[in-house]
Amino acid sequence: WVKLGAERSYLPSVMLHGLSGPIKVAGQAFVGAMPGLAAQLDDAALAAVATHVRKLQGTDAKPYTADEIKAVRDKPGDQQRTRQMRAQLLGP
């Protein structure tokens, strides 16, 4: 989470666009799909959820704002781009 959390737009990207396919978390492999929530939740609601998730991770990160979520929403994005961001953040 430390590496993924270093890029504040990662979590909003996952929440907005979703993520599917294989991932590893703490060495454990998972295969699944999380649908994007862009159509179901507005920017303020997504900011509240993202802030809550970061707190569950034990971080002291500043709260997300609706403007931050909107900035990610306004950029081109999809599950493939989110997966590419994840790979870049986690490195080899």
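Above this note sits the structure.
These remarks concern the structure in this document. (Residues numbered from 1 in each chain as written. Predicted model: local features only at pLDDT ≥ 70, side-chain atom pairs only at ≥ 80, totals over all residues. Heavy atoms only, no water.)

### Describing the pattern of salt bridges
For the structure shown, the criterion picks out 3 salt bridges. A salt bridge links Arg8 to Glu68; the nearest nitrogen and oxygen atoms lie 2.8 Å apart. Here Arg8, found in the loop between helix H1 (2-5) and helix H2 (10-17), pairs with Glu68, found in helix H4 (residues 66-74); they are 60 residues apart in sequence, far enough to count as distant. Judged by relative accessible area, Glu68 falls into the partly exposed class, the value being 23%. A salt bridge links Arg73 to Asp43; the shortest N-O distance between them is 2.6 Å. Placement of Arg73 in helix H4 and of Asp43 in helix H3 (residues 43-56) is noted, with a sequence separation of 30 residues between them. (Salt bridge = Lys/Arg side-chain N within 4 Å of Asp/Glu carboxyl O. Helix = DSSP H or I, 4+ residues; strand = E, 2+ residues; numbered from the N terminus. Buried < 20%, exposed > 50% of the residue type's maximum accessible area, 1.4 Å probe, protein only.)

### Observations concerning the side chain of Arg54
As for its position among the elements, Arg54 is in helix H3. For the buried Arg54, no salt bridge exists, and the shortest N-O distance to an oppositely charged side chain is 8.4 Å, to Glu68. Residues in contact with Arg54, not counting those within four places in the same chain, are Gly5, Leu11, Thr59, Ala61 and Tyr64. (Lys, Arg positive; Asp, Glu negative; His and termini not counted. Contact = heavy atoms within 4.5 Å.)

### Brief notes about the nonpolar core
As a rule of thumb, nonpolar side chains are buried together in soluble globular proteins. In terms of nonpolar packing, the biggest core is built from 9 residues, these being Leu11, Met15, Leu16, Leu46, Ala47, Ala50, Tyr64, Ile69 and Val72. The residues touching Leu46, leaving out its near neighbours within four places in the chain, are Met15, Leu16, Leu37, Leu41, Ile69 and Arg73. By size, the runner-up hydrophobic cluster in this structure holds 5 residues, among which are Leu4, Val14, Leu19 and Met85. (Core = buried A, V, L, I, M, F, W, Y, C linked by side-chain atoms within 4.5 Å.)

### What to know about the environment of Val72
Positionally, Val72 belongs in helix H4. Residues Val72 and Pro12 lie 60 residues apart in sequence; the distance between their C-alpha atoms is 6.8 Å. What Val72 contacts, discounting residues up to four positions off in sequence, is Ser9, Pro12, Ser13, Leu16 and His17.

### Concerning the pairing of strand E2 (residues 28-35)
The buried fraction of E2 amounts to 0 of the 8 residues, a small share that puts the element mostly on the outside. Looking at chain direction, strand E1 (residues 18-25) and E2 are connected through 8 bridges and run antiparallel. Among the inter-strand pairings, Leu19 is bridged to a residue of E2, identified as Met34. Turn length for the E1-E2 hairpin, with the two strands adjacent in sequence and antiparallel, is 2 residues, and the turn residue Ala26 shows positive phi of about 55°. (Pairing = 2+ DSSP bridges.)

### Description of the layout of surface pockets
Here the largest pocket defines a volume of roughly 410 Å³. Together, 22 residues line the largest pocket, and Trp1, Tyr10, Leu19, Ile23 and Arg86 are the ones closest to its centre. Counting only elements with at least two residues in the lining of the largest pocket, the list comes to H2, E1, E2 and helix H5 (79-90). By residue number, the principal contributor to the lining of the largest pocket is E1, which donates 6 residues. Considered class by class, the residues forming the lining of the largest pocket number 16 nonpolar, 3 polar and 3 charged. (1 Å grid on protein atoms, 1.4 Å probe; cavity = no way out; pocket = protein on both sides within 12 Å on 5 of 7 lines; lining within 4 Å. Points joined across faces, edges and corners; volume = space filled by probe spheres on them. Nonpolar A, V, L, I, M, F, W, Y, C, P; charged D, E, K, R; others polar.)

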